[in-house]
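Analysis of the macromolecular model
If you want the building blocks of each chain, they are given just below.
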Amino acid sequence: MAVTSACNPQLLLSHKFPETTYTYTERDVAVYALGVGACGGNAVDTDELKYGYHENGQQFIKVLPTFSAIFTLESMPQDMDLPGLTFDPSLLLHGQQYIEVYKPLPSNGTIHNKISLAGLHDKGKAAVLEIETRSYEKESGELLSMNRSSIFLRGAGGFSDPSHPFTYSNYPANQASALRIPQSQPFAVFEDCSRPSQALLYRLSGDYNPLHSDPMVAKVAGFSRPILHGLCTLGFAVRAIIKCICRGDPDMIKNISGRFLLHVYPGETLVTEMWLEGMRYNFVRNIVIFLPRSYIG
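Residues numbered from 1 in each chain as written. Predicted model: local features only at pLDDT ≥ 70, side-chain atom pairs only at ≥ 80, totals over all residues. Heavy atoms only, no water.

As annotated in an unreviewed UniProt entry, the protein chain carries the name Enoyl-CoA hydratase 2, peroxisomal-like isoform X2 and comes from Durio zibethinus.

Printed below as a string of structure tokens:
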């Protein structure tokens, strides 16, 4: 059957993404940590001071594993021209974020990013685009992390036969978690208050979408005021896990899967409920987080 759509899957799947570089310093790492709430309630928090200060003579400050998501900012669709895809950036949603961390992130350096299309799915009224970014330390060539961002593009679907909708994935099935929120009591619960200025602080890490800072843009998008970045809420949740389950050690985190469900306004309290499954004493795998949904950017 003839299908008219804003998406040409064959052209999109054949696209070769340009490689990118990202250079950062310890200052960038510290600003990011503050942007996701580190030391927000206690400036000398014994678990988190190490993210912004050379505590006890440590040579380098520690890096939160979710900092690797910052490497991907230039990989997002609104920052690139994708052949075979036409969409309205104001209708773009960040649906999920999957992260694998292969070694502790250095506190400064230059990152070489290799980007590819890992998935494309026709959802009828929308298309889901999955962009994978593998980040290498430029000097050594070592693979540090992998991020896969699932982008929900409203208005870009309907490009295939609805009885056999187009779907493409280029990654292992076990990386697409189907876990649900358990019905049992959580192992731990952590409450953390975001600041009214949290989005303004987080945007200093490079995510300058005006939806998170401009009241007029937020109102046009249907919100009463600017909302918090989805990846900022992810940082809050992973901090809670590090504090409550990992004994304050960020290097125990190996992979993270976050699903954005609802929006958050800066100044609201974020509650992280945690259940233990598949934990070993030297690392934590398969962290699945259900988060308030945010527009990407």
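Now, onward.
1. Focus: the packing of aromatic side chains
Operational definition: Working definition: rings of Phe, Tyr and Trp (its six-membered ring) pair if their centres are within 6.5 Å, and the pair is stacked with planes under 30 degrees apart, edge-to-face with planes over 60 apart, and tilted otherwise. Strands here mean DSSP runs of E at least two residues long; helices mean DSSP runs of H or I at least four residues long; both are numbered from the N terminus. Buried means the residue's accessible area, taken with a 1.4 Å probe over protein chains only, is under 20% of the maximum for its type, while exposed means over 50%, and partly exposed covers the values in between. Distance and angle both matter: a charge sits over a ring if NZ of Lys or CZ of Arg is within 6 Å of the ring centre and within 35 degrees of the ring normal.
Here the structure, examined in full by the defined rule, presents 8 aromatic pairs. Relative to Phe71, the ring of Tyr22 has its centre 5.7 Å away and its plane inclined at 50°; by these criteria the two rings are tilted. One end of the pair, Tyr22, is in strand β1 (residues 20-24); the other, Phe71, is in the loop between α2 (26-35) and β2 (92-101), and 49 residues separate them in sequence. Residues Tyr22 and Phe71 agree in their burial class; the two are buried. Three or more aromatic residues joined by ring pairs form one cluster here, namely Tyr22, Tyr24, Tyr32, Phe67, Phe71 and Tyr202. Lying over the aromatic face of Phe236, Arg239 brings its terminal NZ or CZ to 5.3 Å of the ring centre.

2. Considering empty space enclosed by the protein
Short version of the rule: Cavity: a set of points on a 1 Å grid over the protein atoms alone where a 1.4 Å probe fits but cannot get out. Pocket: an open set with protein on both sides within 12 Å along at least five of seven lines, its lining residues, like those of a cavity, having an atom within 4 Å of a point. Grid points are joined across faces, edges and corners, and a volume is the space filled by probe spheres set on the points. Basically, the charged four are Asp, Glu, Lys and Arg, the nonpolar ten are Ala, Val, Leu, Ile, Met, Phe, Trp, Tyr, Cys and Pro, and anything else, Gly included, counts as polar.
Tallying each qualifying case throughout the model produces 2 cavities of 30 Å³ or more. Looking at the largest cavity, its volume works out to about 60 Å³. Lining the largest cavity are Val63, Pro65, Val101, Lys103, Pro104, Leu105, Pro250, Asp251, Ile253 and Lys254. The residue makeup of the lining of the largest cavity, split by class, is 7 nonpolar, no polar and 3 charged.

3. Description of the pattern of salt bridges
What counts is decided by this rule: The term salt bridge refers to a pairing of a side-chain nitrogen on Lys or Arg with a carboxyl oxygen on Asp or Glu at a separation within 4 Å.
Under the criterion given, the structure shown has 8 salt bridges. When the shortest N-O distance is used, the salt bridge between Lys243 and Asp47 registers 3.4 Å. Of the two residues, Lys243 is situated in helix α5 (residues 230-244) and Asp47 in the loop between α2 and β2; the sequence distance between them amounts to 196 residues. In this structure, Asp192 engages Arg239 in a salt bridge whose closest nitrogen and oxygen atoms are separated by 2.9 Å. Placement of Asp192 in strand β7 (residues 188-193) and of Arg239 in helix α5 is noted, with a sequence separation of 47 residues between them. Look at Asp192 and you get buried, because its relative accessible area is 12%. The class for Arg239 is buried, based on a relative accessible area of 4%. Several salt bridges share partner residues, and in doing so they unite Asp45, Asp47 and Lys243 into one network.

4. Notes on the pairing of strand β9 (residues 269-274)
Counted only if it meets this: Two strands qualify as a pair provided that DSSP identifies no fewer than 2 bridges between them.
Only one face of β9 is buried: it carries Leu270, Thr272 and Met274, and the other face, with Thr269, Val271 and Glu273, is open. Bridge count for β7 against β9 is 6 bridges, and the pairing is antiparallel. From the neighbouring strand, Ala188 faces β9, where its bridge partner is Met274.

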